[in-house]
Amino acid sequence: MTDRTIRVENLARVEGEGALRVTIRDGVVKTAELKIFEPPRFFEAFLRGRAYREVPDITARICGICPVAYQMSSIHAMEALFGISVDGPLRDLRRLIYCGEWIESHALHIYLLHAPDFLGYDGATDMARDHPQILERGLQLKKAGNELIALLGGREVHPINVRVGGFYKVPRRRDLATLAERLKHARDAALETVYWAAGFDFPDCDRDYEFVALSPPDEYPFNEGRIKSSKGIDIAARDFEEHFEEVHVAHSTALHARIRGGGAYLAGPLARYALNFERLSPLAREAAQEVGLGPICHNPYQSIIVRSLEVFYACDEALRLIENYEEPDKPAVEVTVRAGIGQACTEAPRGLLYHRYEIDADGTILDARIVPPTSQNQPSIEEDLKICINGWLDLSDDLLRRKCEQMVRNYDPCISCATHFLKLEIDRG
Amino acid sequence: MPVKLRKPTLAVWKFASCDGCQLSLLDCEDELVGLIGAVDIAYFLEASSALQPGPYDLSLVEGSITTAHDVTRIKEVRRRSRQLVTIGACATAGGIQALRNFKDVREFISIVYARPDYIETLATSTPISAHVAVDFELHGCPINKAQLLEVVSAFLIGRNPIVPAHSVCIECKLKGNVCVMVAHGTPCLGPVTHAGCGALCPSYDRGCYGCFGPMESPNMTALSHELSELGVGERDIVRLYRTFNAAAEPFSTESAKHDR
């Protein structure tokens, strides 16, 4: 009974396809591996030779759930190289479309993927039988996010309106005004979601993460800011590769991101929240206080509350941006191509997303590098598994398997994104 | 005594892809609860851990075939599916990852991965139809979710789906858009691209980039000629045809003519 191997052959309710393998020897967890068996798609390779203006349309295809993040990190990296600054209404519109992505992506995870774990269902389809109104609320919330993306981007998945320098076409004030009514309802639904999620039973799990997120001076992070950590990192986004590395570790064939000379770290909602609590809107801070969530949350299971708070914030912020919106004269600023290297980070729903491009004088991509949040979080996921499972060893294999799956889902891992950088698993028996 | 009708079973499968097309099913926010009531979702990993072994009345397949393992897996999916519908550019044409088909995949592996010896992948990315019989192909990168509902409904009822195969140009005309190519000189793949998006890009003042793939019998030569007239160089013509449906005929053949 002391030697056990727990396998989850197909992880359900995650984006993309992965598996899990935990080995227990003499009553102690020896290894915990999140296996990725998504086939590689080689984005960084085929980006070489493409025109810079094609990049946001191509990188969007890395992930159907967070395409806006891949568009945003790519355009900011290229604008950093070209010396372009996008301010005023165009900057606000970028923030606004990002709000839409956080709302749809988080609502998908909260209602369809994560909540069934806390309520004891296999999935949202079963949950719908007993709680149809709750599922309906989640779907309408998700829809509000998708409508925001569709209005600004043309469609929910792989929007077509984002370009280096701005947009192809900007919305009229009156187009946004009609959306504001729906967003007010969405904000109410998001607040209900915060209360609902905060009422779940959470296992005790207090982890001493090093949180890493963007942290701009006076706003909750979407598109920009310095990279900061809860243990003292404070660097410009362009210096990401000097401070973070991807390495092979002995127990896994996957590339894992680590702090150079340090260890695992955590990106995503818990990190953003801990490093930027005071930059949330007053309403969002108040909601956190109401449900008894302090300014830092170390329990990965409670990420569902933090995601709900971020949805609430994103609705609130979207309403503020719409209220203040004035139509710009032009949909994009002038772009002058310059040869060199440009880097940027933005905050994808799942966390920090780093892009670097080397471009020649005619705008052709010479080299590209993309580090998605899930590959950054993979070492933390495995550490969580090792630490927490030690407390669950008395459980049957079946229950333990469910617990492990839930642990992984706490991160909302997006395996489709991460796979471009992760090794295919080789089973070593 | 009335016979209780069995609900049809639906399965959703993923191969090499971004998840966006299967997400389109969950993006049917207003229809999802109705769909759950009408069908038995028997296998949908992204949505539920309750998995039934099949056989399935209808399988929706997302993604392209890029590994030896997936060549075997798609045959198993076909065996267990009464009807099989492929959704999206990856499943119908090989997707953006089919850009490897024009290069040496070993070079691609060494660019992305530090240890190429760990990577098991095929030299090409191919559509599902290159491996098994497919009952219907729904195009788009991503697919249009209204068309997805139409296809699912049609298959469950047992009629042909109504999905027009004409060009994006027709959609532009129906929408009353000004032609971006004629009026603004913007290169546009609308004349050769399969309808389905609702002429999205021209409606946002940009040229169509062909994410729904080639229409039925497109006149590629005529479009390439027009593009050259607008001053689009040979390299950019190749780039235009080689994106999300690069391996689809006749985009593939036409791009090769300009790849010198």
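Not measured: the values here are computed from a predicted model. (Residues numbered from 1 in each chain as written. Chains lettered and ligands numbered in written order. Predicted model: local features only at pLDDT ≥ 70, side-chain atom pairs only at ≥ 80, totals over all residues. Heavy atoms only, no water.)

(A) Representation of the overall build of chain A. Scanning chain A for helices and strands turns up 14 helices and 13 strands. Here the C-alpha radius of gyration of chain A, 21 Å, is about what a compact globule of 429 residues would show, namely 22 Å. Principal-axis analysis of the C-alpha atoms places the extent of chain A at approximately 70 × 45 × 35 Å. In chain A, which comprises 429 residues, the proportion classed as buried is 67%. Working note: accessible area of chain A is about 14100 Å², and carbon and sulfur atoms make up 46% of it. Charged side chains of chain A number 52 positive and 66 negative; the gap between the two group centres comes to 2 Å. (Helix = DSSP H or I, 4+ residues; strand = E, 2+ residues; numbered from the N terminus. Rg over C-alpha atoms; globule rule 2.2 N^0.38 Å. Buried < 20%, exposed > 50% of the residue type's maximum accessible area, 1.4 Å probe, protein only. Areas by Shrake-Rupley, 256 points an atom, 1.4 Å probe, with all protein chains shown as cover. Lys, Arg positive; Asp, Glu negative; His and termini not counted. Charge placed at Lys NZ, Arg CZ, Asp CG, Glu CD.)

(B) How the structure looks around the pattern of salt bridges. Scanning all chains against the criterion turns up 52 salt bridges over all chains. For the salt bridge of A:Glu54 with B:Arg239, the shortest nitrogen-to-oxygen distance reads 4.0 Å. Taken as a pair, A:Glu54 in the loop between helix H1 (43-46) and helix H2 (55-60) and B:Arg239 in helix H11 (residues 234-241) lie in two separate chains rather than in one. Across the salt bridge formed by B:Arg80 and B:Glu76, the nearest N and O atoms sit 3.3 Å from each other. Judged by relative accessible area, B:Arg80 falls into the partly exposed class, the value being 23%. Ionic contacts of the salt-bridge type, sharing partners, join the residues A:Arg48, A:Glu241, A:Glu246, A:Arg356, A:Asp367 and A:Arg369 into one network. (Salt bridge = Lys/Arg side-chain N within 4 Å of Asp/Glu carboxyl O.)

(C) Inspection of the interface of chain B and chain A at higher detail. Listed as interface residues are 63 residues of chain B and, on the opposing side, 68 residues of chain A. Taking both partners together, chain B and chain A bury about 5700 Å²; carbon and sulfur atoms supply 60% of that area. At the boundary of chain B with chain A, the tally comes to eight salt bridges. Salt-bridge contacts for B:Asp30 lead to A:Lys143; the nearest nitrogen and oxygen are separated by 2.5 Å. In this assembly, chain B and chain A are joined by 27 residue pairs in polar contact (both at pLDDT 80 or more). Contributions of two or more residues to the side of chain B that touches chain A are made by helix H1 (20-26), helix H2 (32-38), strand E2 (40-44), helix H3 (68-79), helix H5 (105-112), helix H9 (200-203) and H11 of chain B. When residues in the side of chain B that touches chain A are grouped by element, the largest group, five residues, is from H5(B). Across the side of chain B that touches chain A, the residue classes break down as 34 nonpolar, eleven polar and 18 charged. (Contact = heavy atoms within 4.5 Å. Buried area = accessible area lost by both parts, 1.4 Å probe. Polar contact = N/O pair within 3.5 Å; in protein donor to acceptor, adjacent residues only side chain to side chain. Nonpolar A, V, L, I, M, F, W, Y, C, P; charged D, E, K, R; others polar.)

(D) Focus on the domain arrangement of chain B. All names here are of chain B. For chain B, the assigned domains read domain 1 (9-157) and domain 2 (168-258). For domain 1 and domain 2, the distance between their C-alpha centroids amounts to 25 Å. If you look at the interface, domain 1 gives 15 residues, while domain 2 gives 13 residues. Together domain 1 and domain 2 conceal approximately 1100 Å² of surface at their shared face, both sides included; 63% is due to carbon and sulfur atoms. On the domain 1 side of the interface with domain 2, the three residues burying the most area are Phe-102, His-139 and Cys-141, jointly 42% of the side's total. Between domain 1 and domain 2 we count zero salt bridges in total. Partitioning the side of domain 1 that touches domain 2 into residue classes produces nine nonpolar, six polar and no charged. (Domains from an automatic or database assignment.)

(E) Structural detail: the packing of helix H7 (residues 173-198) of chain A against helix H11 (residues 303-324) of chain A. All names here are of chain A. Where H7 contacts H11, the two axes come as close as 8 Å, and the packing angle between them is 160°. Viewed along their axes, H7 and H11 adopt a mutual orientation that is roughly antiparallel. H7 and H11 meet at a crossing whose hand is left-handed. Its residues assigned to classes, the contact of H7 with H11 shows 19 nonpolar, three polar and five charged. (Axes fitted to C-alpha atoms, helices over the stretch in contact; angles between N-to-C directions. Parallel < 35°, antiparallel > 145°, perpendicular 65-115°, else oblique. Left-handed = near helix turned anticlockwise from the far one by under 90°.)

(F) Region of the structure containing H11(A). Its 22 residues give H11(A) an end-to-end C-alpha distance of 31 Å, which sits within 8% of 32 Å, the value for a rise of 1.5 Å per residue. Across the 22 residues of H11(A), 19 count as buried, placing the element largely inside the fold. (Expected span 1.5 Å × (residues − 1).)

(G) Spatial organisation of helix H12 (residues 373-389) of chain A. Residue and element names in this part refer to chain A. Along its 17 residues, H12 runs 24 Å from first to last C-alpha, staying within 8% of the 24 Å computed at 1.5 Å per residue. The largest bend along H12 measures about 30° and falls at Pro-379. In terms of burial, H12 is a largely internal element, 14 of the 17 residues being buried. (Bend = angle between axes of the 7 residues up to and from the residue.)

(H) Structural view of the side chain of A:Gln376. With respect to the helices, strands and loops of the structure, A:Gln376 is situated in helix H12. From its side chain, A:Gln376 meets the backbone oxygen of A:Val371 in a polar contact 3.5 Å long.

(I) Focus on the packing of aromatic side chains. Taken as a whole and assessed by the stated rule, the structure comprises 24 aromatic pairs over all chains. With a centroid separation of 6.4 Å and an interplanar angle of 50°, the aromatic rings of A:Phe46 and B:Phe108 are classed as tilted. Of this pair, A:Phe46 sits in helix H1 while B:Phe108 is found in helix H5, placing the two residues in two different chains. Its relative accessible area of 3% is what places B:Phe108 among the buried residues. What links up through ring pairs into an aromatic cluster is the set A:Tyr98, A:Trp102, A:Tyr220, A:Phe222 and A:Tyr313. Positioned above the aromatic ring of A:Trp196, the side-chain terminus of A:Arg137 is 5.4 Å from the ring centre. (Phe/Tyr/Trp six-rings, centres within 6.5 Å; stacked < 30°, edge-to-face > 60°. Lys NZ or Arg CZ within 6 Å of the ring centre and 35° of its normal.)

(J) The nonpolar core, seen in detail. Judged by nonpolar contacts, the single largest core of 190 residues is most densely connected at A:Tyr357 and B:Leu60. The leading source of residues in this core is helix H4 (residues 88-119) of chain A, at 16 residues. With residues near it in sequence (within four places) discarded, B:Leu60 still touches B:Leu10, B:Ala11, B:Val12, B:Trp13, B:Leu25, B:Val85, B:Ile87, B:Leu148 and B:Val152. (Core = buried A, V, L, I, M, F, W, Y, C linked by side-chain atoms within 4.5 Å.)

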